Amino acid sequence: APAPPPTGHHFSDPAEVEALRGNLLAWYDRCKRDLPWRALAATEPDADRRGYAVWVSEIMLQQTQVATVIDYYNRWMQKWPTLQALAEASLEEVNELWAGLGYYSRGKRLQEAARKVVSELGGHVPRTAEALQKLLPGVGRYTAGAIASISYGQATGVVDGNVIRVLCRLRCIGADSSSPAVIDRLWDMANALVDRSRPGDFNQALMELGATVCVPKAPLCGECPVKQHCRARCRKLFGKPAPVPDVEDCGVGDCPLCPPATEPWDSSLGVTNFPRKAAKKQPRAMRTATCVLERRGCRGGPEYLIVQRPSSGLLAGLWEFPSLPLAQDLQEEKEREVLADHLQAWMGQPVAAKGLRFIGEVIHIFSHIHQTYVVYSLPLDGDVTLGPASSPSRWVTEEEFRASAVSTAMKKVL
């Protein structure tokens, strides 16, 4: 068995850093997944197109799994292969293609940034992480680092959820990994570690390692290319670290990166002791009354009324069935009454509460909201003229509904 490495949270040995880089890059060259944005970044000779291809992928991958993103990415790049094409699109088109991917403001900000690049930056994507973050809306520190390193070879690190997990395990960082102090240290580590000759590949390798090997639960430690550098694994194999830490790396007695005394090492968890995260806030519960208004269309099939949400806030600009937030303690009879009153804005005439038919409830979990849609239906006879409501509205067939910019929650409602 290898001798346990010294304690301390930093990468202070240049030979170890070089070995880690080499092992990680060799593993990446053998094992990396075949992903469409990687192929584009590797083969596209035009720097702006290359930057755009990586940029789109990084925005889509924020808080969304790779398997989900691939189809959306391919459709997006087929429809808008260049920044100029995206800049000329409408927000409605962007929302329609984004529908189902979640976190809809990402698509909106991506298009806003594309328009800025075309109108203010001469069509050229900024080349450095600093300029990308400063000039482009929706591009934060991580996205800027990813674009700059992968597309333009800037030797800058990246820190995302996968990198946080890998670094915290490699160096037994047990403080709250979401705290600003720990995040700053992790960025310092990422910038120190990044391979200067292959920064984009190194950053992708670090993220790939976290996504496929150093996973949150049941990590594949035996397959890890940098396992000999992992202090969490060493601690699992050899027990507690040496009692005297490296003073340069770890302040005795009150280290800001060590696990807090109230949450000591749990030997049964092994490497999954790290990273430590703050307790998540419980999503707030909300109830919304939703009514599917249905009429017979001119071709004999059913048509449904959809209305557009406000241009800001949750699900901004998307289309939905007429909906109204409800107080948590309303009885069903009162829910019908307030929904009937709300529907008059589109119908232009009174709506009888007793005519609303209760269908059931649909639960949809947003990142911060546990949403319950209380679903009603209202079949309408004859031709119906919409009233002068304040929001845009239109009648659609089921096929048109599914092609519109509607949320996954509304598809569940239908």
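Analysis parameters
Residues numbered from 1 in each chain as written. Predicted model: local features only at pLDDT ≥ 70, side-chain atom pairs only at ≥ 80, totals over all residues. Heavy atoms only, no water. Helix = DSSP H or I, 4+ residues; strand = E, 2+ residues; numbered from the N terminus. Buried < 20%, exposed > 50% of the residue type's maximum accessible area, 1.4 Å probe, protein only. Contact = heavy atoms within 4.5 Å. Areas by Shrake-Rupley, 256 points an atom, 1.4 Å probe, with all protein chains shown as cover. Lys, Arg positive; Asp, Glu negative; His and termini not counted. Charge placed at Lys NZ, Arg CZ, Asp CG, Glu CD. Phe/Tyr/Trp six-rings, centres within 6.5 Å; stacked < 30°, edge-to-face > 60°. Lys NZ or Arg CZ within 6 Å of the ring centre and 35° of its normal. Domains from an automatic or database assignment. Buried area = accessible area lost by both parts, 1.4 Å probe. Salt bridge = Lys/Arg side-chain N within 4 Å of Asp/Glu carboxyl O. Polar contact = N/O pair within 3.5 Å; in protein donor to acceptor, adjacent residues only side chain to side chain. Nonpolar A, V, L, I, M, F, W, Y, C, P; charged D, E, K, R; others polar. Arc of directions from axis to C-beta. Axes fitted to C-alpha atoms, helices over the stretch in contact; angles between N-to-C directions. Parallel < 35°, antiparallel > 145°, perpendicular 65-115°, else oblique. Left-handed = near helix turned anticlockwise from the far one by under 90°.

**Some points on the overall build of the chain**
Stage number 1. The secondary structure content of the chain amounts to 16 helices and seven strands.
Stage number 2. Across its three principal axes, the chain shows a C-alpha extent of roughly 80 × 50 × 35 Å.
Stage number 3. Evaluated residue by residue, the chain yields a buried proportion of 48% over its 414 residues.
Stage number 4. A separation threshold of at least 6 residues defines the contact pool for the chain, and within that pool the share at least 24 residues apart is 69%.
Stage number 5. Surface summary for the chain: the accessible area is close to 20,200 Å², and the carbon and sulfur share equals 53%.
Stage number 6. Distance from the positive charge centre (48 side chains) to the negative charge centre (46 side chains) of the chain: 3 Å.

**Re the packing of aromatic side chains**
For any pair of aromatic rings, geometry is given as the distance between the ring centres together with the angle between the planes.
Stage number 1. Throughout the structure, instances matching the rule amount to six aromatic pairs.
Stage number 2. Aromatic side chains W37 and Y73 sit 5.2 Å apart centroid to centroid with 80° between the ring planes, which places their arrangement in the edge-to-face category. Here W37 is found in helix α2 (residues 36-43), whereas its partner Y73 is found in helix α4 (residues 66-79), with 36 residues between them in sequence. With respect to burial, W37 and Y73 carry one shared label: buried.
Stage number 3. Judged by centre distance (4.7 Å) and plane angle (75°), the rings of W76 and W80 are edge-to-face. In terms of burial, W76 and W80 fall into one category: buried.
Stage number 4. Across the ring face of W319, the terminal group of R394 is positioned such that the distance to the ring centre comes to 4.2 Å.

**Re unusual backbone geometry**
Stage number 1. The linkage connecting F274 with the following residue, P275, adopts the cis geometry, with an omega of -5°.
Stage number 2. Secondary-structure assignment places P275 in the loop between α13 (231-238) and β1 (284-296).
Stage number 3. A positive phi angle, close to 50°, is found at A218, a residue other than glycine.
Stage number 4. Considering the arrangement of structural elements, one finds A218 in the loop between α12 (199-212) and α13.
Stage number 5. Residue classification places A218 among the exposed positions, given a relative accessible area of 61%.
Stage number 6. Even without a glycine there, the phi angle at L315 is positive, about 55°.

**With respect to the domain arrangement of the chain**
Stage number 1. What the domain assignment lists for the chain is domain 1 (7-223) and domain 2 (284-412).
Stage number 2. Centre-to-centre, using C-alpha coordinates, domain 1 lies 38 Å away from domain 2.
Stage number 3. Across the contact, eight residues belong to domain 1 and 15 residues belong to domain 2.
Stage number 4. Here domain 1 and domain 2 share an interface that buries about 770 Å² over both sides, 47% of which is from carbon and sulfur atoms.
Stage number 5. E92 is the salt-bridge partner of R394, the closest N and O atoms lying 4.0 Å from each other.
Stage number 6. Put simply, domain 1 and domain 2 have two residue pairs in polar contact (both at pLDDT 80 or more) between them.
Stage number 7. By residue class, the composition of the side of domain 1 that touches domain 2 is three nonpolar, two polar and three charged.

**So, helix α6 (residues 91-98)**
Stage number 1. Taken together, the buried positions of α6 are occupied by V94, N95, L97 and W98. Here the buried residues of α6 occupy an arc of 165° about the axis, which is enough to place them on one side.
Stage number 2. Where α6 is buried, its residues meet α3 (47-61), α4, α5 (83-88) and α7 (105-120).
Stage number 3. Looking at the residues trailing α6, positive phi occurs at G100, about 100°.

**Considerations on the pattern of salt bridges**
Stage number 1. Throughout the structure, instances matching the rule amount to 15 salt bridges.
Stage number 2. D48 is the partner of R127 in a salt bridge, and the nearest nitrogen-oxygen pair spans 3.0 Å. On the criterion of sequence distance, the pair formed by R127 in the loop between α7 and α8 (129-135) and D48 in helix α3 is long-range, its members being 79 residues apart.
Stage number 3. When its relative accessible area of 13% is taken as the criterion, D48 is described as buried.
Stage number 4. Because the salt bridges share partners, they merge into one network encompassing D29, R198 and D201.

**Considering the side chain of S407**
Stage number 1. Locating S407 in the fold gives a position in the loop between α15 (398-403) and α16 (408-413).
Stage number 2. Sequence-distant contacts of S407, defined by excluding residues within four places in its chain, comprise Y104, L315, L318 and W319.

**Some thoughts on the packing of α2 against α3**
Stage number 1. At their nearest, the axes of α2 and α3 sit 8 Å apart, and the two run at 160° to each other. In terms of axis orientation, α2 runs roughly antiparallel to α3. For the crossing formed where α2 meets α3, the hand is left-handed. Packed against α2, whose contacting residues are W37, L40 and A41, the element α3 presents R50, A53, V54, S57 and L61 at the interface.
Stage number 2. Residues that form the contact of α2 with α3 fall into these classes: six nonpolar, one polar and one charged.

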